[in-house]
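Residues per chain, in single letters:
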Amino acid sequence: MGSASAANAPSCVSFKSTSSWATHTTRATNNCSSSVRIRFNWSNHADGPCTTIGARGGWHSETVALTASFQGAYTC
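Residues numbered from 1 in each chain as written. Predicted model: local features only at pLDDT ≥ 70, side-chain atom pairs only at ≥ 80, totals over all residues. Heavy atoms only, no water.

**Structural notes on the overall build of the chain**
Rules: Only runs of H or I of at least four residues qualify as helices and only runs of E of at least two qualify as strands under DSSP, and these elements are numbered from the N terminus. Throughout, the radius of gyration refers to the C-alpha atoms, and the reference size of a globule is 2.2 Å times the residue count to the power 0.38. Buried means the residue's accessible area, taken with a 1.4 Å probe over protein chains only, is under 20% of the maximum for its type, while exposed means over 50%, and partly exposed covers the values in between. Note on definitions: a residue-residue contact is assigned when non-hydrogen atoms from the two residues lie within 4.5 Å. Values of accessible area rely on a 1.4 Å probe in the Shrake-Rupley scheme; residue burial ignores everything except the protein chains shown.
Across its full length, the chain carries 0 helices and 6 strands. Its helices and strands in sequence order give the chain the pattern β-β-β-β-β-β, from N to C terminus. In terms of overall dimensions, the chain is globule-like: its C-alpha atoms have a radius of gyration of 12 Å, near the 11 Å expected for 76 residues. The dimensions of the chain, computed from C-alpha atoms along their principal axes, are 35 × 25 × 15 Å. Of all 76 residues assigned to the chain, the portion counted as buried reaches 33%. Residue pairs at least 24 apart in sequence account for 57% of intrachain contacts in the chain once pairs closer than 6 positions are excluded. About 4400 Å² of surface is accessible on the chain, with carbon and sulfur atoms providing 53% of the total.

**Observations concerning the state of the cysteines**
For the record, the criterion: The criterion for a disulfide is a pair of cysteine sulfur atoms lying within 2.5 Å.
Counted under the stated rule, the structure contains 2 disulfides. Each sulfur in the disulfide pair Cys12 and Cys32 lies 1.9 Å from the other. The sign of the 90° torsion about the S-S bond sets the Cys12-Cys32 disulfide as right-handed. Taken together, the residues span a long stretch of sequence, with Cys12 in the segment before strand E1 (13–19) and Cys32 in the loop between strand E2 (23–30) and strand E3 (36–43) at a distance of 20 residues. When its relative accessible area of 7% is taken as the criterion, Cys32 is described as buried.

**Digging into the sheet that holds E1**
Short version of the rule: Criterion used throughout: strands pair if DSSP finds at least two bridges between them. Orientation is described by lines fitted to C-alpha atoms, with helices fitted over the stretch in contact, and by angles between N-to-C directions that extend from 0 to 180 degrees.
Read across the open sheet, the 3 strands follow the order E1-E2-E5; overall the sheet is antiparallel. Each end of this open sheet is capped by a strand with a single partner; those strands are E1 and strand E5 (58–65). Each strand of the sheet is rotated relative to its neighbour by a mean of 15°, with strand direction disregarded. The sheet contact formed by E1 and E2 spans 7 bridges and is antiparallel. If you follow Thr18 over to E2, its bridge partner there is Thr25.

**So, the environment of Thr18**
Following the sequence through the fold, Thr18 ends up in strand E1. Look at Thr18 and you get partly exposed, because its relative accessible area is 41%. Separated by 18 residues in the primary sequence, Thr18 and Val36 have C-alpha atoms spaced 23 Å apart. Sequence-distant contacts of Thr18, defined by excluding residues within four places in its chain, comprise Thr23, His24 and Thr25.

Quick look at the structure:
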């Protein structure tokens, strides 16, 4: 679960979520001018690892069980 003191991911990071019959996948794309470090926040699943995403189009994707849902991302 996300830390209460952690800041939300910058607004220049965009997210797109898709679902299949068994999984949820969310992809973060960094549109910022510098690298960012974020952690995906999932309900009903452990939060993702702290991940560095490169500037201007760098991306990271995570897939979890269908019982989980993407709640956002926060800096780490």
